[in-house]
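Each chain, written out:
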Amino acid sequence: MSQDKSLEKQKHIFPIRVYYEDTDMGGVVYHANYLRYIERARSDWVRKLGNDQNAMRDDGVVWVVRKLEADYLASAKFDDELTVETDVVAISGVRLTMAQLVLRGETEIFRATVTAVCINSEGKPIRLPAEIRALM
């Protein structure tokens, strides 16, 4: 994925193991669980950046997914070791767009582009806090 060098440093790697509870009757990962995997990776990433989401919420600001586009490329199965890679694609005053890949080894099995925004306690969109933009 082509991107600005200043954004490259933000790539985050998050390991996932597929458990039995993640699979459907066919023994493959249920499609909605990929969304859980990438959510866990994003949460881990912002935590490691130093973004305290509990403090944000206490201040009346929370992250929400505004848009998500997903491609299911291959199936994962019970006990597979997966990796979720998260890269920043773009940051504006109000949006953070990330590319997320789920890989089994070198094989891409799921790809998503996720746009997140911040909202206030009334549910209205707000500018990304300056301290958040500085972290990214």
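The structure reproduced in this document is the subject of the present report. Keep in mind that what you see is a predicted model, and the values were worked out from it rather than measured. (Residues numbered from 1 in each chain as written. Predicted model: local features only at pLDDT ≥ 70, side-chain atom pairs only at ≥ 80, totals over all residues. Heavy atoms only, no water.)

Describing the overall build of the chain
Then, number 1: Check the secondary structure of the chain and you find four helices and six strands.
Then, number 2: Listing the helices and strands of the chain from first to last along the sequence gives α-β-α-α-β-β-β-β-β-α.
Then, number 3: Computed over its C-alpha atoms, the radius of gyration of the chain comes to 16 Å, within 12% of the 14 Å expected for a compact globule of 136 residues.
Then, number 4: Principal axes of the C-alpha set define a box for the chain whose edges measure 45 × 35 × 25 Å.
Then, number 5: In the chain, which comprises 136 residues, the proportion classed as buried is 41%.
Then, number 6: In the chain, 67% of the contacts between residues at least 6 apart in sequence involve partners at least 24 apart.
Then, number 7: Just so you have it, the chain exposes about 8100 Å², and 49% of that area is on carbon and sulfur atoms.
Then, number 8: A gap of 4 Å separates the mean positions of the 19 positive and 21 negative side-chain charges of the chain. (Helix = DSSP H or I, 4+ residues; strand = E, 2+ residues; numbered from the N terminus. Rg over C-alpha atoms; globule rule 2.2 N^0.38 Å. Buried < 20%, exposed > 50% of the residue type's maximum accessible area, 1.4 Å probe, protein only. Contact = heavy atoms within 4.5 Å. Areas by Shrake-Rupley, 256 points an atom, 1.4 Å probe, with all protein chains shown as cover. Lys, Arg positive; Asp, Glu negative; His and termini not counted. Charge placed at Lys NZ, Arg CZ, Asp CG, Glu CD.)

Details of the side chain of Asn51
Then, number 1: Along the chain, Asn51 turns up in the loop between helix H2 (31-49) and helix H3 (53-58).
Then, number 2: Judged by relative accessible area, Asn51 falls into the buried class, the value being 6%.
Then, number 3: Those residues within four positions of Asn51 in sequence are excluded, and the remaining contacts are Val46, Met56, Trp63, Ile132 and Leu135.

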